[in-house]
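In case you want the letters, here they are:
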Amino acid sequence: MKRLDHIEMFYNFAFINDEVKREVRRAIFKAIAIPGYQVPFGSREMPFARGWGTGGIQITLSIITPTDVLKVIDQGSDESVNAENIKRFVARVSPGIGITTDTTQATIIQTRHRIPEEPMRSDQILVLQVPYPEALREVEPSEVETRRMHAEGDYGRMWLYLYEDIVRFGEVRISYRYPVRVNEHYIMDPSPIPRWDVPKLNMAESLFLFGAGREKRIYAVPPFTRVEPLTFEDHPFRIENFNGAKCKLCGSFDTYLNEIIMTEAGERIFLCSDTSYCKKRRKQLGV
Amino acid sequence: MGYVAVSGGLEAIEQSNILFNIERYKGKSRPLEVSQVKEQLYLLVDRVMGEGGLYSPELASIAIIQSGGDTFEASLLLRAHRVTLSRLTTSLPITTERMRVIRRISSAFQEIPGGQILGPTTDYTIRLLQMELLISPEEEWTKYRALLEDANIRLKNIPRSFPKIVKILKEEGLIEEPENQASGEPPFDITKHSLTFPAPRSAILQSLARGETGGLLLLAYSSMRGYGNIHPTLGELRVGYVPLIIAHPHNGNPYTVGEIKVTEAEVISRYETAEGLPRFSMGYGACFGQNEIKAISMAILERCVRTKNPKAPAEDQEFVLSHIDGIESMGFCNHWKLPHYVDFQSDLDRLRKAQNKWRASKKPYEEA
């Protein structure tokens, strides 16, 4: 821990300097003002590898204050190595902040690939780590072209892509990272959350901030904004189906479940992906 | 005034080689020992062995020192040395199921039979420079040496082999079996034959395994970022030691002659075909030493170049396989430093002719 003590002595509160924080906050304000629009920002190198949440970390470090309570999850889990690592870092460079695993206690939640099961409130912010900010990347590799498509609302190819999947496979093959339309305007990438979590973005009380460090973009879904998955009238959007499976620990069948291979023979059990919610339920049920 | 054409090429070459070595030794530090490079810069050694196509940590360390740390040059030294060695025999196929694992993870499942083994990695370090190294490197060394003594006791509990995650999924029919070499048929040998396209899978795997790490990464990254995304999930990544087994020359019995350190990556890719039962497809990567970026990139590219209707550069088999060899690309890039004045003279001739023609066709005041 010697190296981390050295951070406290030499760096600003929340590690990055105030000029950069201001820059990031301006990008956040712009993103909130234009829901679903990807705001380019001067993404800095963080002491983590690109693609490991550097966009989310820059947002968290820019908005956190000493009175905040932080929760960090990865794939729904508070204990996964990456979540622990980010939490440990933010805690050490931001003296005074609180750390929690309880969704209801946190003021800021940084997440990778999940939205917590418990509904969030208007005094809470969810910071999502984003690998691909561009929902249209699936149909168009060039950034110059996708920016034009957004500007002109030229979304025909995205609709065609979904339509072709239905024709060829009888199903849209997009599993997670399902494209959504925000405020009836921009098509947005909700980050690689499962389809299970997509409806939670719609008309939510909380603010959602999306940070893509490697691709240098910030975007947002403000509270009470319409967020709709791209879908056809005769082909409704469907969330993941666990075929009646229940969490082995808390017995829940209304949460997103992880499939776990127990033996080489392929025996499986299911567990809640949201570990802190699962723990809470077990406590309530006394199991 | 008389003119003397530049000559004395040989002497100039000798002097420049001396200067290169003086450049390396002009500081105050003691010369690097081969064992220091081999032990403490082992990831660099692994990389050079892979690109050089020769498994010898010792020789790779020499190459690294001799080249001043240039990975391209070191790999070339190693590959050139490889040519001087005779091929005594062909080893028997290795199964990585029996790998002596030092690291093994799957990002497809939270828990896996045998467990997620993080092993040695810098993945989760906070990237701050370790300034202590300037002042007291010995302290660091002593600290970790002491931990090593403890670790020896704990390591005994690690199982001897780990089940393959991809195999479990295959048995359930979720993953298609990639086209393999018919058993008994010898693999294509890229060191003896030049590639023709479409290349057999064994040739693809060999080319990628010897490919330059940065080159593989660049092409794989272009695919993951959006130029032909195959939607990879890392089914399993394992690093460890596998036995090198040969058939005894007299009685044909399998005989273990040593072991090599390898990294293996298996990526699971989105289903592709509309005909028949939909299944995930797979990409396979394996290389010498611990080089995870290379193994993962290789697995992604191996899957990319088998795409049915290639659209993106990384899916074009010929494009990928023709450009990923570090020794070929570095050599050709450096060749532009050779004199090209005869050719350039010819270029000048053409340009002057064209300029004269243009001038002749214009009125004097029109010239730009």
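A quick note: this is a predicted structure, and the numbers were derived from the prediction, not measured.

Comments concerning the overall build of chain A
Each helix and strand counted, chain A has seven helices and 12 strands in total. For 287 residues, the compact-globule formula gives about 19 Å, and the C-alpha radius of gyration of chain A, at 20 Å, lands near that figure. Structurally, chain A occupies a C-alpha span of about 60 × 50 × 35 Å along its principal axes. Counting across all 287 residues of chain A, residues that qualify as buried make up 55%. If you take every contact in chain A between residues at least 6 apart in sequence, the share linking residues at least 24 apart comes to 61%. A total of about 12700 Å² of accessible surface is found on chain A, and carbon and sulfur atoms cover 53% of it. Considering chain A, the positive charge centre built from 39 side chains and the negative charge centre built from 39 side chains are found 4 Å apart.

Remarks on the sheet that holds strand β9 (residues 217-221) of chain A
Residue and element names in this part refer to chain A. With respect to topology, seven strands assemble into an open sheet ordered β1-β9-β8-β5-β4-β2-β3, the strand pairing being mixed. The sheet terminates laterally at β1 (39-40) and β3 (98-99), the two strands that pair on one side only. In this sheet, β3 lies alongside strand β2 (residues 69-74) in parallel orientation, the contact comprising two bridges. Bridge pairing in β3 links V69 to G98.

With respect to the domain arrangement of chain B
We note that the domain assignment places domain 1 (9-82), domain 2 (96-121 + 161-329) and domain 3 (338-367) within chain B. Relative placement of domain 1 of chain B and domain 3 of chain B: their C-alpha centres are 45 Å apart.

Quick look at a nonpolar patch on the surface
On the surface, a nonpolar cluster with roughly 530 Å² of combined accessible area is contributed by L129, M131, L134 and I135 of chain B. Locating I135 of chain B in the fold gives a position in helix α6 (residues 132-135).

A look at the interface of chain B and chain A
Interface size is commonly expressed as the accessible area that is lost once the parts come together. At the interface, 31 residues of chain B touch 35 residues of chain A. Summing the contributions of chain B and of chain A, the shared interface buries around 3200 Å²; its carbon and sulfur component is 54%. Counting across the interface, chain B meets chain A through two salt bridges. A salt bridge links E215 of chain A to R225 of chain B, with the nearest nitrogen and oxygen atoms 2.6 Å apart. Inspection of the chain B/chain A interface yields 10 residue pairs in polar contact (both at pLDDT 80 or more). For the side of chain B that touches chain A, the secondary structure elements donating two or more residues are α8 (165-171) and α10 (213-225) of chain B. At three residues, α10 of chain B tops the list of elements feeding residues into the side of chain B that touches chain A.

Some words on the domain arrangement of chain A
Residue and element names in this part refer to chain A. Domain annotation for chain A reports domain 1 (2-136 + 175-229) and domain 2 (241-287). The distance between the C-alpha centroids of domain 1 and domain 2 comes to 26 Å. Counting from both sides, the interface comprises 16 residues of domain 1 and, opposite them, 11 residues of domain 2. Together, the buried faces of domain 1 and domain 2 total about 1100 Å²; carbon and sulfur atoms form 47% of this surface. Together, E117, E118 and W196 form the three largest contributors to the area buried by domain 1 at its contact with domain 2, with a combined 46%. There are three salt bridges connecting domain 1 and domain 2. With a closest N to O distance of 3.4 Å, K279 and E79 form a salt bridge. Inspection of the domain 1/domain 2 interface yields 12 residue pairs in polar contact (both at pLDDT 80 or more). By residue class, the composition of the side of domain 1 that touches domain 2 is three nonpolar, six polar and seven charged.

Let's talk about empty space enclosed by the protein
Rolled over the atoms, a probe sized like a water molecule indicates the empty space that remains. Applying the stated criterion to the full structure yields one cavity of 30 Å³ or more. Lining the largest cavity, in full, are Y132, P133, E134, R137 and E215 of chain A together with R225 of chain B. Considered class by class, the residues forming the lining of the largest cavity number two nonpolar, no polar and four charged.

Side note on the packing of aromatic side chains
All names here are of chain A. Applying the stated criterion to the full structure yields 14 aromatic pairs over all chains. Centre to centre, the rings of Y178 and F237 are 5.0 Å apart; their planes meet at 70°, and the pair counts as edge-to-face. Within this pair, whereas Y178 is found in the loop between α6 (156-169) and β6 (180-182), its partner F237 is found in the loop between β10 (227-229) and β11 (257-261), the two being separated by 59 residues in sequence. On the numbers, 5.2 Å between centres and 80° between planes, the contact of F242 with Y256 is edge-to-face. Note that F242 is positioned in the loop between β10 and β11 and Y256 in the loop between β10 and β11, a separation of 14 residues in sequence. Here F242 matches Y256 in class, with each residue buried. Taken together through their ring pairs, the aromatic side chains of Y11, F15, F48 and F89 make up a single cluster.

Section: the pairing of strand β4 (residues 108-112) of chain A
Residues and elements named next belong to chain A. Where burial is concerned, most of β4 is hidden: four out of the five residues are buried. Summarising the sheet, β4 and strand β5 (residues 125-129) pair through four bridges and their orientation is parallel. By the bridge assignment for β5, T111 is matched with L128.

Details of the nonpolar core
Ranked by size, the top nonpolar core spans 69 residues in total, and within it L61, F89, V90, M158, F208, F210 and I218 of chain A carry the most contacts. Residues I190, A265, I300 and L301 of chain B belong to the second largest nonpolar core, which totals 26 residues.

Concerning the pattern of salt bridges
All names here are of chain A. Evaluated as defined, the whole model comprises 49 salt bridges over all chains. Among the ionic pairs, E140 bridges to R157, the shortest N-O distance being 2.9 Å. Of this pair, E140 sits in the loop between β5 and α5 (143-152) while R157 sits in helix α6; the two residues are 17 residues apart in sequence, bridging distant segments of the chain. The class of E140 is buried, set by a relative accessible area of 12%. Judged by its relative accessible area of 35%, R157 falls in the partly exposed class. Across the pair R173 and D165 runs a salt bridge whose closest N-O atoms are separated by 3.4 Å. Here R173 and D165 have matching classes, each one buried.

Scoring rules and cut-offs
- Within any chain, residue numbers begin from 1 and follow the written order of that chain's sequence.
- All chains are assigned letters beginning with A, and all ligands numbers beginning with 1, in the order in which they are written.
- In keeping with the predicted nature of the model, local features appear solely for residues at pLDDT of at least 70, side-chain atom pairs appear and are counted solely at 80 or more, and the whole-chain, interface and lining totals rest on all residues.
- Side-chain measures here rest on the full set of heavy atoms in the structure, leaving out hydrogens and waters.
- Secondary structure follows DSSP: runs of H or I at least 4 residues long count as helices, runs of E at least 2 residues long count as strands, and numbering of each begins at the N terminus.
- Radius of gyration here uses only the C-alpha atoms, and the compact-globule reference equals 2.2 Å multiplied by the residue count raised to the power 0.38.
- The classification of residues rests on relative accessible area computed with a 1.4 Å probe and restricted to protein chains. Under 20% of the type maximum is buried, over 50% is exposed, and intermediate values are partly exposed.
- Here a residue-residue contact requires only that any non-hydrogen atoms of the pair lie within 4.5 Å.
- Areas reported as accessible are Shrake-Rupley estimates using a 1.4 Å probe. Residue values count occlusion only from the protein chains shown.
- Positive: Lys, Arg. Negative: Asp, Glu. His and the chain ends are not part of the count.
- Where a charge lies is defined by one atom per residue type, namely NZ (Lys), CZ (Arg), CG (Asp) and CD (Glu).
- Paired strands are those between which DSSP finds at least two bridges.
- Throughout the structure description, domain borders are defined by an automatic or database domain assignment.
- For patches, a residue must show more than 30% relative accessible area and have no salt bridge; joins then use 9 Å for like charges and 5 Å for nonpolar side chains, namely Val, Leu, Ile, Met, Phe, Trp and Tyr.
- In the sections that follow, a salt bridge refers to a side-chain nitrogen of Lys or Arg positioned within 4 Å of a carboxyl oxygen of Asp or Glu.
- In this description, buried area is defined as the sum, over both parts, of the accessible area (probe of 1.4 Å) that is lost when the two are combined.
- Here a polar contact means two N or O atoms within 3.5 Å. Within protein one must be a hydrogen donor candidate and the other an acceptor candidate, and residues neighboring in sequence count only if both atoms are side-chain atoms.
- Classification convention: Asp, Glu, Lys, Arg as charged; Ala, Val, Leu, Ile, Met, Phe, Trp, Tyr, Cys, Pro as nonpolar; all other residues, Gly among them, as polar.
- Computed over the protein atoms alone on a 1 Å grid, cavities are sets of points where a 1.4 Å probe fits but cannot get out and pockets are open sets with protein on both sides within 12 Å along at least five of seven lines; a residue lines them when it has an atom within 4 Å of a point.
- Grid points are joined across faces, edges and corners, and a volume is the space filled by probe spheres set on the points.
- Put simply, two rings from Phe, Tyr or Trp (the six-membered ring, in Trp's case) pair if the centres are within 6.5 Å, and we call them stacked under 30 degrees between planes, edge-to-face over 60, tilted for the rest.
- Within this scheme, the nonpolar core is defined by two criteria: the residues are buried Ala, Val, Leu, Ile, Met, Phe, Trp, Tyr or Cys, and they are joined through side-chain atoms within 4.5 Å.

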